[in-house]
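For reference, the chains in residue letters:
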Amino acid sequence: NAGVTQTPKFRVLKTGQSMTLLCAQDMNHEYMYWYRQDPGMGLRLIHYSVGEGTTAKGEVPDGYNVSRLKKQNFLLGLESAAPSQTSVYFCASTGSWNYQPQHFGDGTRLSIL
Amino acid sequence: SQQGEEDPQALSIQEGENATMNCSYKTSINNLQWYRQNSGRGLVHLILIRSNEREKHSGRLRVTLDTSKKSSSLLITASRAADTASYFCATDASYGGATNKLIFGTGTLLAVQP
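Since we're looking at a predicted model, the values are computed, not measured. (Residues numbered from 1 in each chain as written. Chains lettered and ligands numbered in written order. Predicted model: local features only at pLDDT ≥ 70, side-chain atom pairs only at ≥ 80, totals over all residues. Heavy atoms only, no water.)

Student: Go over the interface of chain B and chain A with me, naming the residues and quoting the values.
Tutor: Contact with chain B, which involves 25 residues of that partner, is made by 27 residues of chain A. Where chain B packs against chain A, one counts one salt bridge. On the surface where chain B and chain A come into contact, there are 14 residue pairs in polar contact (both at pLDDT 80 or more). At the level of elements, β4 (31-37) and β5 (43-50) of chain B are the ones that each hand at least two residues to the side of chain B that touches chain A. (Contact = heavy atoms within 4.5 Å. Salt bridge = Lys/Arg side-chain N within 4 Å of Asp/Glu carboxyl O. Polar contact = N/O pair within 3.5 Å; in protein donor to acceptor, adjacent residues only side chain to side chain. Helix = DSSP H or I, 4+ residues; strand = E, 2+ residues; numbered from the N terminus.)

Student: How would you summarise unusual backbone geometry if you had to cite specific residues and measurements?
Tutor: Residue P8(A) is reached from T7(A) by a cis peptide bond, and omega for that bond is -5°. With respect to the helices, strands and loops of the structure, P8(A) is situated in the loop between β1 (4-7) and β2 (10-13). Note that the residue after D7(B), namely P8(B), is joined by a cis bond; omega there is 0°. Here P8(B) is to be found in the loop between β1 (5-7) and β2 (10-14).

Student: An account of the pairing of strand β5 (residues 43-49) of chain A is requested, with residue identities and associated values reported.
Tutor: Residue and element names in this part refer to chain A. With seven of seven residues buried, β5 lies mostly within the body of the structure. As judged from the six bridges shared by strand β4 (residues 31-37) and β5, these two strands associate in the antiparallel manner. Within the sheet, the bridge partner assigned to M32 lies in β5 and is S49. Between the end of β4 and the start of β5, which pair antiparallel, lie five residues, with G40 showing a positive phi angle near 75°. Here two bridges tie β5 to strand β6 (residues 56-57), and the two strands are oriented antiparallel to one another. Of the residues in β6, the one forming a bridge with H47 is K57. Joining the antiparallel neighbours β5 and β6 is a turn of six residues, in which G53 adopts a positive phi near 85°. (Buried < 20%, exposed > 50% of the residue type's maximum accessible area, 1.4 Å probe, protein only. Pairing = 2+ DSSP bridges.)

Student: Give me the pattern of salt bridges: which residues, what numbers.
Tutor: This model, assessed by the stated rule, comprises six salt bridges over all chains. A salt bridge links R41(B) to D106(A), with the nearest nitrogen and oxygen atoms 3.1 Å apart. Taken together, the residues R41(B) in the loop between β4 and β5 and D106(A) in the loop between β10 (103-104) and β11 (108-112) connect one chain to another. The salt bridge involving D83(B) is made with R60(B); its shortest N-O contact spans 2.9 Å. Taken together, the positions of D83(B) in the loop between β8 (71-76) and β9 (85-92) and R60(B) in the loop between β6 (55-58) and β7 (61-66) put the pair 23 residues apart, joining distant regions of the chain. By sharing partners, the salt bridges in this structure join R36(A), D38(A) and R44(A) into a single network.

Student: How would you summarise the side chain of T108(B) if you had to cite specific residues and measurements?
Tutor: All names here are of chain B. Within the element layout of this structure, T108 appears in strand β11 (residues 108-113). At a separation of 2.6 Å, a polar atom in the side chain of T108 contacts the main-chain carbonyl oxygen of P8. Each residue touching T108, except ones within four places of it in the same chain, is listed here: E6, D7, P8, Q9, L11, M21, A85, S86 and Y87.

Student: Tell me about the packing of aromatic side chains, and name the residues and values.
Tutor: Under the defined criterion, the tally for this structure stands at eight aromatic pairs over all chains. Measuring from ring centre to ring centre gives 5.8 Å for Y64(A) and Y89(A), while their planes differ by 65°; the resulting arrangement is edge-to-face. Taken together, the residues span a long stretch of sequence, with Y64(A) in the loop between β6 and β7 (65-67) and Y89(A) in strand β9 (residues 87-94) at a distance of 25 residues. Y89(A) carries the same exposure label as Y64(A), and that label is buried. Ring geometry for Y35(B) versus F104(B): centroids 5.7 Å apart, planes at 55°, classification tilted. Here Y35(B) is found in strand β4, whereas its partner F104(B) is found in strand β10 (residues 103-104), with 69 residues between them in sequence. Residue classification places F104(B) among the buried residues on the basis of a relative accessible area of 0%. Through a chain of ring-to-ring contacts, three or more aromatic side chains come together here, namely Y33(A), Y35(A), Y48(A), F104(A), Y35(B) and F104(B). (Phe/Tyr/Trp six-rings, centres within 6.5 Å; stacked < 30°, edge-to-face > 60°.)

Student: Before we move on, could you go through the side chain of Q6(A) and cite the residues and values that matter?
Tutor: All names here are of chain A. Checked against the element boundaries, Q6 lands in strand β1. In terms of polar contacts, Q6 uses its side chain to reach the backbone carbonyl oxygen of Y89, at 2.9 Å. At 3.0 Å, the side chain of Q6 forms a polar contact with the backbone nitrogen of C91. Those residues in contact with Q6, other than ones at most four positions away along the chain, are L22, W34, Y89, F90, C91, G105, D106, G107 and T108.

Following this line, the structure appears as structure tokens:
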């Protein structure tokens, strides 16, 4: 059982480049989330989805876009990368009923030069 | 902004000792959760406590919740070197599973010396 899988694991970009981070879960979860983790700041929610075809903004959505075309996948896009987006990105998923823990991937380490 | 603040930021203890971490939050919650993060890995769920619960146990873990003070504590008893990790509290203020969104604290880095 793979759980939550994130690809790629590492990436280096130049300022202005674009890229897409992929998150896939095999637990049939309705809800999925993208976070960024910066030193000393814990995790901050970027965007989330409560079902296939739906997305919503989190705490720090600027500079990012997301899509949830299939229930098992949640994509995070950076259209024009900036050095401030250097971070570790985590994807998580959970069920739609109350009192559910989130299941996390191992992260994507992204550096923008 | 972060919902939770954790105290201490870092904690170093000897194997066999107990470790206590505290979390404070700002708004009313549906539940509070604790997660562990080993270096270079994703977060792993440890325990969830509902807003109407005051204490919960899971193995060597004990969590308390005081909603009047908007605070929680995580106690790890008889610590082991393998418990070395960062620990985060996270609050869910959503109603009845509507979003299950979490707001994370800044974490406590625990080092257990063998």
